[in-house]
Amino acid sequence: MNPLKSVPGTIIAGFVLALLILLATGDGPITAIGSAKGNAIIIWLHVFSGIIWIGLLYYFNFVQAPALADAATDDGGPGGAGITKYVAPRALFWFRWSALATWLTGAAFLLHRGEFANAFMLGLGGDNVNAYAMTIGIGAWLGTIMLFNVWVLIWPNQKKVLGMVEASADEIASAKNTAFIASRLNTLMSIPLLMSMVGAGHGFFM
Ligand code: HEM
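Heads up: these notes are all about the structure in this document. Source: prediction; values computed, not measured.

As a structural note, the neighbourhood of the ligand is formed by 24 residues, with His46, Phe109, Tyr132, Met197 and His202 the closest of them. Within the side chain of tyrosine 132, an N or O atom sits 2.5 Å from an oxygen atom of the ligand. Here the ligand occupies the largest pocket. Of all elements in the fold, only helix H2 (36–73), helix H3 (81–113), helix H5 (131–161) and helix H6 (169–201) reach the threshold of two or more residues within the shell around the ligand. Ranked by residues supplied to the shell around the ligand, first place goes to H3 with seven residues. Looking at the shell around the ligand, its residues break down into 16 nonpolar, seven polar and one charged.

And the structure:
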């Protein structure tokens, strides 16, 4: 069966190829636990899920929302039903689960490095300011707020907007506004978050 014929097949084939490259070029993943390679594997999975999350966040804000606004004002045009019925539910599925996976892998990296508490205390827990923990901590807090927005504000309200749950016209109108603002806030916060994420690993301490 051609793995490229399905999304899961393509993803699994990608991980198999990655594993073969690891085995061919190194002493295999088993020795990675507790090691620097372990850090690299966790961050690899973190950035993979982070690309899906932020990629879909930017798709919703830069493409889908403006497109649906145009469709709504385009008299005699095709309308946005195709997007809201076939595209949005699928995008929201990958969006919310990749958000959770990004948070869990980020937290796993901090636990693996013994920096979880330091990071969430913004490096202010010791006698001296821990610059690395402050840098990654700012990103971790922004990512945590963004995860909250996804699962508590955006997803439940989008279900009302897309008619996946019962809601009155007033409820749908306020749900549309809440989900829109929360999504725009996440877009805004994603920029300093990425500065902190990349900066922490490349010696740019705030
Ligand atoms: C929108 C969400 C997020 C995205 C897109 C994201 C993306 C990234 C990227 C691109 C890196 C840099 C990889 C590198 O240059 O080596 C990174 C590193 C990291 N991220 Fe995130 N991240 C997100 C959320 C989080 C959260 C919520 C946490 C913690 C709970 C976290 C913890 C970390 C840690 C610990 C590192 C490694 C820093 C280091 O190299 O020492 N991230 N992340």
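Surrounding the iron atom of the ligand are the protein donor atoms His46 (NE2) and Met197 (SD), which sit 1.9 to 2.1 Å from the metal. Geometry at the iron atom of the ligand is octahedral, judged from the six donor atoms that bind it and their angles of 85 to 179 degrees at the metal. Placement of histidine 46 in helix H2 and of methionine 197 in helix H6 is noted, with a sequence separation of 151 residues between them. Residue class for histidine 46 comes out buried when judged on its relative accessible area of 14%. What makes methionine 197 partly exposed here is its relative accessible area of 24%.

You can see glutamine 64 is positioned in helix H2. Accessibility expressed as a relative area gives 9% for glutamine 64, which makes it buried. The contact partners of glutamine 64, leaving out residues within four places of it in the chain, are Tyr59, Ile83, Val87 and Ala88.

Size it by volume and the largest pocket reaches roughly 660 Å³. Those elements giving two or more residues to the lining of the largest pocket turn out to be H2, H3, H5 and H6. Residues belonging to the lining of the largest pocket are distributed by class as follows: 19 nonpolar, nine polar and one charged. Forming the walls of the second largest pocket are 18 residues, and the residues nearest its centre are Gln64, Ala65, Leu68, Gln158 and Lys176. If you list the elements that add at least two residues to the lining of the second largest pocket, you get H2, H3, H5 and H6. When residues in the lining of the second largest pocket are grouped by element, the largest group, six residues, is from H2.

One finds Trp53, Phe60, Leu92, Phe95 and Met146 to be the most contacted residues of the largest nonpolar core, which totals 20 residues. For this core, the elements supplying multiple residues, two or more each, are H2, H3, H5 and H6. When sequence neighbours within four positions are dropped, the list of residues in contact with tryptophan 53 reads Phe95, Ser98, Ala99, Thr102, Gly143, Met146, Leu147 and Val150. Among the nonpolar cores identified, the runner-up in size contains nine residues, and Leu110, Phe120, Ala140 and Ala200 belong to it.

There is a patch of nonpolar side chains on the surface, built from Ile12, Val16, Leu17, Leu19, Leu20, Ile21 and Leu23 and spanning about 660 Å² of accessible area. As for its placement among the helices and strands, valine 16 is situated in helix H1 (residues 7–25).

For the pair H3 and H5, the least separation of the axes is 10 Å and the interaxial angle reads 155 degrees. Accordingly, the angle class assigned to the pair H3 and H5 is roughly antiparallel. Where H3 crosses over H5, the two elements pack in a sense that is left-handed. Residues Leu92, Phe95, Arg96, Trp97, Ala99, Leu100, Trp103, Phe109, Leu110 and Arg113 of H3 lie in contact with H5, whose contacting residues are Tyr132, Ile136, Gly143, Thr144, Leu147, Val150, Trp151, Ile154, Trp155 and Gln158. Taken together, the residues that form the contact of H3 with H5 break down as 15 nonpolar, three polar and two charged.

Following the criterion strictly, the structure yields eleven aromatic pairs and no others. Both rings, one in phenylalanine 15 and one in phenylalanine 48, keep their centres 5.5 Å apart while their planes meet at 90 degrees; by these two values the pair is edge-to-face. Of this pair, phenylalanine 15 sits in helix H1 while phenylalanine 48 is found in helix H2, placing the two residues 33 residues apart along the sequence. What makes phenylalanine 15 partly exposed here is its relative accessible area of 30%. Centre to centre, the rings of tryptophan 103 and phenylalanine 116 are 6.5 Å apart; their planes meet at 80 degrees, and the pair counts as edge-to-face. Of this pair, tryptophan 103 sits in helix H3 while phenylalanine 116 sits in helix H4 (residues 116–120), and the two are 13 residues apart along the sequence. You can call tryptophan 103 partly exposed: its relative accessible area is 25%.

Rules behind the numbers
- Within each chain, residues carry numbers counting from 1 in the order of the written sequence.
- It should be noted that, the model being predicted, local features are given only for residues of pLDDT at least 70 and side-chain atom pairs only at 80 or more, the latter also being counted only at that level, while totals for whole chains, interfaces and linings use all residues.
- Hydrogens are left out, water is left out, and the side-chain values use all remaining heavy atoms of the structure.
- We call a residue near a molecule or strand when any one of its heavy atoms sits within 4 Å of it.
- Identification of polar contacts relies on pairs of N or O atoms within 3.5 Å, with a donor-acceptor requirement for protein atoms, meaning one able to donate a hydrogen and the other able to accept it, and with residues adjacent in sequence counted only if both atoms are side-chain atoms.
- Of the grid points, spaced at 1 Å and generated over the protein atoms alone, those admitting a 1.4 Å probe that cannot get out make up cavities, while open sets with protein on both sides within 12 Å along at least five of seven lines make up pockets; any residue with an atom within 4 Å of a point is treated as lining.
- A molecule is said to be in a cavity or pocket once over half of its atoms fall within 2 Å of that pocket's grid points.
- Secondary structure elements are taken from DSSP: a helix is a run of H or I of four residues or more, a strand is a run of E of two residues or more, and numbering for both begins at the N terminus.
- Each residue is assigned to one class: nonpolar for Ala, Val, Leu, Ile, Met, Phe, Trp, Tyr, Cys and Pro, charged for Asp, Glu, Lys and Arg, and polar for all the others, Gly among them.
- A donor here means any N, O or S atom no more than 2.8 Å from the metal (3.2 Å for Na, K and Ca); water is not included, so a site may seem to lack partners.
- Only two sets of limits are used to name each site, 85 to 135 degrees for every angle of a tetrahedral four-donor site, and over 155 degrees for opposite donors with all other angles from 65 to 115 for a square planar four-donor or octahedral six-donor site, with any other site named irregular.
- The buried label applies to any residue whose accessible area, calculated with a 1.4 Å probe on protein chains only, is under 20% of its type's maximum; exposed applies above 50%, and partly exposed to all values in between.
- In this description, contact between two residues means that some pair of their heavy atoms is separated by no more than 4.5 Å.
- Grid points are joined across faces, edges and corners, and a volume is the space filled by probe spheres set on the points.
- Each nonpolar core is a collection of buried residues, namely Ala, Val, Leu, Ile, Met, Phe, Trp, Tyr and Cys, held together in the definition by side-chain atoms within 4.5 Å.
- Patch construction takes residues with relative accessible area above 30% that form no salt bridge. Like charges are linked within 9 Å, and nonpolar side chains (Val, Leu, Ile, Met, Phe, Trp, Tyr) are linked within 5 Å.
- Per-residue and other accessible areas follow the Shrake-Rupley method at a 1.4 Å probe size, with only the shown protein chains counted as cover for residues.
- For this analysis, a salt bridge means a side-chain nitrogen from Lys or Arg found within 4 Å of a carboxyl oxygen belonging to Asp or Glu.
- Axis lines are fitted to C-alpha atoms, over the contacting stretch for helices. Their N-to-C directions set the angle, which ranges from 0 to 180 degrees.
- Here roughly perpendicular refers to angles of 65 to 115 degrees, roughly parallel to angles under 35, roughly antiparallel to angles over 145, and oblique to all remaining angles.
- By definition, turning the near helix anticlockwise from the far helix through less than a right angle yields a left-handed crossing, and turning it clockwise yields a right-handed one.
- For this analysis, a ring pair means two rings from Phe, Tyr or Trp (six-membered ring only for Trp) whose centres lie within 6.5 Å, classed as stacked if their planes differ by under 30 degrees, edge-to-face if by over 60, and tilted for the remaining angles.

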